[in-house]
Amino acid sequence: MTELICVGMIAGAFGVRGEVRVKSFCANPGDLETYAPLVTEEGDRSFEISLIGQIKNGFSARVVGVETKDDADALRGISLFARREDLPALPDDEYYYSDLIGLQVADTGGTVIGHVKSVMNHGADDLLEVTVPGASDTALIPFTKVIVPTVDLATRRIVIDPPEGLL
């Protein structure tokens, strides 16, 4: 099965002629339309999207086959996925979030801390949410070069050098 990466989301109708509001999760937000066709996570529906304007928190867009506000409203909340092979190759030290999920996290001494549960970004730096065996809460680790000096996708391992008191 082809790996899918979430690149955007339909946020609802925009206007009365079938346009939609779209949020882009791409590094270059306007690239969203270049990964067509975009599909649902299950892959059972596909969408041809054309961005027509920039609006607050996203874009206004046309979706082929969507002609009315009701049609556009019905698409609200649908996450849009692109095939991994359609996305650009990343430079060294850049990763797709999905590549990091599930990687083992160890400190510089080799002690296993846990596994990456998710990657979050709340406006500043990315944060790795790490499940820690035996702990009821997850640990949030800033995903910076200083704290996370090594990401080895081949061995599925991340090495962290947390400052005192982080864990």
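Scroll up to find the structure this text is about.
Notes on the structure in this doc start here. (Residues numbered from 1 in each chain as written. Predicted model: local features only at pLDDT ≥ 70, side-chain atom pairs only at ≥ 80, totals over all residues. Heavy atoms only, no water.)

### Overview of the pattern of salt bridges
Stage number 1. Evaluation of the coordinates by the stated rule reveals nine salt bridges.
Stage number 2. With its nearest N and O atoms 3.7 Å apart, the salt bridge here joins E67 to R62.
Stage number 3. Using a relative accessible area of 24% as the deciding quantity, one classes R62 as partly exposed.
Stage number 4. One salt bridge in this structure joins D93 and K145, with 3.6 Å as the shortest N-O distance. Remark: K145 occurs in the loop between β11 (139–142) and β12 (150–152) and D93 occurs in the loop between β7 (79–83) and α2 (97–100); sequence separation between them is 52 residues.
Stage number 5. Take K145: its relative accessible area is 51%, and that puts it in the exposed class. (Salt bridge = Lys/Arg side-chain N within 4 Å of Asp/Glu carboxyl O. Buried < 20%, exposed > 50% of the residue type's maximum accessible area, 1.4 Å probe, protein only. Helix = DSSP H or I, 4+ residues; strand = E, 2+ residues; numbered from the N terminus.)

### Quick look at the sheet that holds strand β8 (residues 104–107)
Stage number 1. In space, the six strands of this open sheet follow the order β11-β10-β9-β8-β13-β12, with mixed pairing throughout. Of all the strands in the sheet, just β11 and β12 have a single pairing partner and so form its edges. Averaged over neighbouring strand pairs, the angle between their axes works out to 35° when direction is ignored.
Stage number 2. Inspection of the sheet shows strand β10 (residues 126–131) paired to β11 by four bridges, in the antiparallel sense. Along β11, the bridge assignment pairs V130 with A139. (Pairing = 2+ DSSP bridges. Axes fitted to C-alpha atoms, helices over the stretch in contact; angles between N-to-C directions.)

### Some thoughts on the nonpolar core
Stage number 1. Ranked by internal contacts, the top residues of the largest apolar core, which has 24 residues, are V7, L38, I49 and L80.
Stage number 2. Elements that contribute at least two residues to this core include exactly β1 (4–13), β2 (20–24), β5 (49–55), β6 (58–63) and β7.
Stage number 3. Of all the elements, β1 adds the most residues to this core, at four residues.
Stage number 4. In contact with L80, other than residues within four places in its own chain, are I5, C6, V7, G8, M9, I10, V22, L38, V39, F47 and I49.
Stage number 5. By size, the runner-up hydrophobic cluster in this structure holds 16 residues, among which are L100, I113, I147 and V148. (Core = buried A, V, L, I, M, F, W, Y, C linked by side-chain atoms within 4.5 Å. Contact = heavy atoms within 4.5 Å.)

### Describing the environment of E19
Stage number 1. Following the sequence through the fold, E19 ends up in the loop between β1 and β2.
Stage number 2. Take E19: its relative accessible area is 16%, and that puts it in the buried class.
Stage number 3. Each C-alpha atom, one on E19 and one on V148, is 42 Å from the other, the two residues being 129 residues apart in sequence.
Stage number 4. Apart from residues no more than four positions distant in its own chain, E19 is found in contact with G12, A13, F14, I52, A61, R62 and A72.

### Some remarks on the packing of aromatic side chains
Stage number 1. If you walk through the whole model with that rule in mind, you get one aromatic pair.
Stage number 2. Relative to F143, the ring of Y95 lies with its centre 6.3 Å away and its plane at 55°, an arrangement referred to as tilted. On the criterion of sequence distance, the pair formed by Y95 in the loop between β7 and α2 and F143 in the loop between β11 and β12 is long-range, its members being 48 residues apart. (Phe/Tyr/Trp six-rings, centres within 6.5 Å; stacked < 30°, edge-to-face > 60°.)

### Things to note about the pairing of strand β9 (residues 112–121)
Stage number 1. Note that β8 and β9 share three bridges and pair antiparallel. Its bridge partner being in β9, Q104 is matched across the sheet by H115.
Stage number 2. Where β8 hands over to β9, the hairpin turn is made up of four residues, of which G110 adopts a positive phi near 95°.
Stage number 3. Two elements, β9 and β10, share six bridges in a ladder whose sense is antiparallel. Note that in β10 the partner of M120 across the bridge is L127.
Stage number 4. With antiparallel pairing between neighbouring strands as the criterion, β9 and β10 make up a hairpin whose turn holds four residues, including G123 at a positive phi of roughly 115°.

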